[in-house]
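# Working through the structure, step by step
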Amino acid sequence: DENNGGVNASPDTVSYNTVLSVLDESSFTAVKESPSSEKKQLGNPSRRLFQHDRIVDVVMDILDSMEARGVPRDSITYYNAILACKSSCEDALVIFRRSLVDTD
């Protein structure tokens, strides 16, 4: 890519794994409770968080995005995804079940 000095800046598995590693119920709640003016800003990188009411839905959205973009999901991806949902055994199991059928 000429604009980036020949470096591909597209998100990869490591990028997504890093994001998943910092997500959890408390950070999700804090973002959801932020002032509404922040939610409406165009280009707000947290807008995906505002689209969902539960952390498991955010995590599933991220996993769906990875799949749609052809970004491989690995054991670290699912480890971080499950940890992001650790406040709910049911949600963690939803992510675990998805990992069992992931063909990537």
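Structure shown above.
Below, the structure is looked at part by part. (Residues numbered from 1 in each chain as written. Predicted model: local features only at pLDDT ≥ 70, side-chain atom pairs only at ≥ 80, totals over all residues. Heavy atoms only, no water.)

## Quick word on the environment of Asn 17
Tracing the backbone through its elements, the reader meets Asn 17 in helix 1 (residues 13-22). Sequence separation between Asn 17 and Ala 81 is 64 residues, and the spatial gap between their C-alpha atoms is 8.3 Å. Discounting chain neighbours no more than four positions away, the residues touching Asn 17 are Asp 74, Ile 76, Thr 77 and Asn 80. (Helix = DSSP H or I, 4+ residues; strand = E, 2+ residues; numbered from the N terminus. Contact = heavy atoms within 4.5 Å.)

## Brief notes about the packing of helix 5 (residues 55-68) against helix 7 (residues 89-101)
As a packed pair, helix 5 and helix 7 sit with axes 10 Å apart at the nearest point and diverge in direction by 15°. Relative to helix 7, the element helix 5 is oriented roughly parallel. You can see that helix 5 and helix 7 cross each other, and the crossing is right-handed. Across the interface between the two elements, Val 56, Val 59, Met 60, Leu 63, Asp 64 and Glu 67 from helix 5 touch Asp 91, Val 94, Ile 95 and Arg 98 from helix 7. Tallied by class, the residues present in the contact of helix 5 with helix 7 amount to six nonpolar, no polar and four charged. (Axes fitted to C-alpha atoms, helices over the stretch in contact; angles between N-to-C directions. Parallel < 35°, antiparallel > 145°, perpendicular 65-115°, else oblique. Left-handed = near helix turned anticlockwise from the far one by under 90°. Nonpolar A, V, L, I, M, F, W, Y, C, P; charged D, E, K, R; others polar.)

## Comments concerning the pattern of salt bridges
When charged atoms on two side chains of opposite charge get close, those side chains can pair. Taken as a whole and judged by the stated rule, the model has five salt bridges. A salt bridge links Asp 91 to Arg 54; the shortest N-O distance between them is 3.6 Å. Highlighted residues: Asp 91 in helix 7 and Arg 54 in the loop between helix 4 (47-50) and helix 5, separated in sequence by 37 residues. Between Glu 67 and Arg 98 there is a salt bridge whose closest N-O contact spans 3.2 Å. With Glu 67 in helix 5 and Arg 98 in helix 7, the pair connects residues that are 31 residues apart, well separated along the chain. Relative accessible area serves as the criterion here: at 45%, Glu 67 is assigned to the partly exposed category. One salt-bridge network, in which partners are shared between bridges, spans Arg 54, Asp 57 and Asp 91. (Salt bridge = Lys/Arg side-chain N within 4 Å of Asp/Glu carboxyl O. Buried < 20%, exposed > 50% of the residue type's maximum accessible area, 1.4 Å probe, protein only.)

## Overview of the packing of helix 1 against helix 5
Look at helix 1 against helix 5: their axes get within 11 Å of each other, and the N-to-C directions meet at 180°. Viewed along their axes, helix 1 and helix 5 adopt a mutual orientation that is roughly antiparallel. Between helix 1 and helix 5, the residues in contact are Thr 13, Tyr 16, Val 19 and Leu 20 and Val 59, Ile 62, Leu 63, Ser 65 and Met 66, respectively. Considering only residue class, the contact of helix 1 with helix 5 consists of seven nonpolar, two polar and no charged.

## Side note on the side chain of Asp 102
Counting through the fold element by element, Asp 102 comes out in the segment after helix 7. At 2.8 Å, the side chain of Asp 102 forms a polar contact with the side chain of Arg 73. Setting aside anything within four residues of it in sequence, one finds Asp 102 in contact with Arg 73 and Tyr 78. (Polar contact = N/O pair within 3.5 Å; in protein donor to acceptor, adjacent residues only side chain to side chain.)

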